[in-house]
Each structure stands twice: as structure tokens, then as C-alpha cells.
Amino acid sequence: MSDENGTPDTPAGSAGGTAQGGGPRPEPLRFFGTTWVHHDHGYAARRAGVAVGSLAAAVVSCLVLRFAYEGIRIAGTGSFVTVLIIAMFAICSALAFRNTWEGFGKRHDPQRQASLRGLLAIGFVGSLLAYFFRSLTEAPGEKLHREEYDRAREEYARRSSRRTGNPSRKKRRR
């Protein structure tokens, strides 16, 4: 694993993997590993745990935001500042939800993600809620990873079955 971003050192489609019969390996998902491929080894329990955990984290986060709101109200900064802060958290949470939800279906541009990092950090409640809602139907990101894995398996099958013999021994037509 790379220490920097938590990604595997080898790409998911590398041929040097330990997949049955060679070929591409499935990319592990956070909290699920490769159990999403065959839905085995506690996949359902992990999905339930992720759903409960992300919802609990969202509830605790909302309580923390409530305490922050109370602190701003006690400080007497005025209604304009209070409305700005509430609007900021609401808008950033909505954008974070949308960005996270879209990330489950397609790969994001790394530069765009880097530029949105601050906004997504402010809207962390939206990301937690997106994670919760997606985990009700599948492992978050499973659809994207399954499409990529199936495509890599099909390409591997095409490449490995293309040639069946030695081309120099092929009979020539006259």
C-alpha cells in the first residue's frame, strides 16, 4: 500500500496478480477488500456496518455543528454571519453529497478533486450521507469497480485466446 494515499502499489489490472488462472485482479474497496466480487466473507455484514457507521458519523457531525452554531449565537455575531455560516455548511454539504455520489459511478479528475478538497471538507456531512445511502444498495463504488473489473477480464480473455498456435507452422494458401 502506498503511504501517501492508501492505494495499492500494483494496479488492479496487473497480470502478475493472484487471481485464479492469472489475469486481472479486482481492486479492493475501503472496508470491503475484494469481498464485493462474489459477495462473500461477510459482505452483507460489512455493508450493514458501513451503513450504520456512516449514519452514526453523520448524526454525531450534525451534533458537533449544532454546538458550533450555539457558540456563534452566544458570541452575538449577528444574524447576517449566522445565516452565512448556515448557508455555507448547507451548500457545501449538498455539493459534497453530489460529488461523492457521482464518484461512485465514475472516476474523478485528480486535479479537480484537489481543488475541491476544502469545499468537500466543509461539506463532510453530505459525503457521509452519500456513503450511507449508497451502502443501502451496494458497497460504495462497487458498480464502478465491477464494470472496470469485468472489462479487464474480457480484454484479458480476448488477448489470451487470440493466438492458438505457432504462426510459423501455419499452412500457407496458394
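Residues numbered from 1 in each chain as written. Predicted model: local features only at pLDDT ≥ 70, side-chain atom pairs only at ≥ 80, totals over all residues. Heavy atoms only, no water.

1. Some thoughts on the pattern of salt bridges
(1) Moving on: Considering all chains together, one arrives at eight salt bridges under this definition.
(2) Moving on: Salt-bridge contacts for Glu 27 lead to Arg 107; the nearest nitrogen and oxygen are separated by 3.0 Å. Of this pair, Glu 27 sits in the segment before α1 (43-75) while Arg 107 sits in the loop between α2 (79-103) and α3 (110-122), and the two are 80 residues apart along the sequence.
(3) Moving on: Overall, the relative accessible area of 45% leaves Arg 107 in the partly exposed class.
(4) Moving on: Of the charged contacts in the structure, one is a salt bridge between Glu 70 and Arg 66, with a shortest N-O distance of 3.1 Å. With Glu 70 and Arg 66 both in helix α1 and four residues apart, this pair spans about one turn of that helix.
(5) Moving on: You can call Glu 70 buried: its relative accessible area is 18%. (Salt bridge = Lys/Arg side-chain N within 4 Å of Asp/Glu carboxyl O. Helix = DSSP H or I, 4+ residues; strand = E, 2+ residues; numbered from the N terminus. Buried < 20%, exposed > 50% of the residue type's maximum accessible area, 1.4 Å probe, protein only.)

2. Things to note about the packing of aromatic side chains
(1) Moving on: Per the stated rule, a full pass over the model turns up eight aromatic pairs.
(2) Moving on: Between Phe 32 and Tyr 43 the ring centres are 5.8 Å apart and the planes differ by 50°, which places this aromatic pair in the tilted class. Residue Phe 32 is found in the segment before α1, and its partner Tyr 43 is found in helix α1; the two are separated by 11 residues along the sequence.
(3) Moving on: Overall, the relative accessible area of 1% leaves Phe 32 in the buried class.
(4) Moving on: A relative accessible area of 5% places Tyr 43 in the buried class. (Phe/Tyr/Trp six-rings, centres within 6.5 Å; stacked < 30°, edge-to-face > 60°.)

3. Here we look at the nonpolar core
(1) Moving on: Counting residues in hydrophobic clusters, the biggest one holds 11 residues: Leu 29, Phe 32, Trp 36, Val 37, Tyr 43, Val 50, Phe 104, Ala 130, Tyr 131, Ala 139 and Tyr 149.
(2) Moving on: Counting residues per element, the ones that place at least two in this core are α1 and α4 (124-135).
(3) Moving on: Those residues in contact with Val 37 that sit more than four places away from it in its chain are Pro 26, Arg 146 and Tyr 149. (Core = buried A, V, L, I, M, F, W, Y, C linked by side-chain atoms within 4.5 Å. Contact = heavy atoms within 4.5 Å.)

4. Points about the packing of α1 against α4
(1) Moving on: Direction vectors running N to C along α1 and α4 enclose 155°, while the axes themselves pass 8 Å from each other. One way to sum up the angle between α1 and α4 is to call them roughly antiparallel. The handedness of the crossing between α1 and α4 comes out as left-handed. Where α1 approaches α4, its residues Arg 47, Val 50, Ala 51, Ser 54, Leu 55, Ala 57, Ala 58, Ser 61, Cys 62 and Leu 65 are matched on the opposing element by Phe 124, Val 125, Leu 128, Leu 129, Tyr 131, Phe 132 and Ser 135.
(2) Moving on: Tallied by class, the residues present in the contact of α1 with α4 amount to 13 nonpolar, three polar and one charged. (Axes fitted to C-alpha atoms, helices over the stretch in contact; angles between N-to-C directions. Parallel < 35°, antiparallel > 145°, perpendicular 65-115°, else oblique. Left-handed = near helix turned anticlockwise from the far one by under 90°. Nonpolar A, V, L, I, M, F, W, Y, C, P; charged D, E, K, R; others polar.)

Without other data, these values stay purely geometric and don't point to any function.
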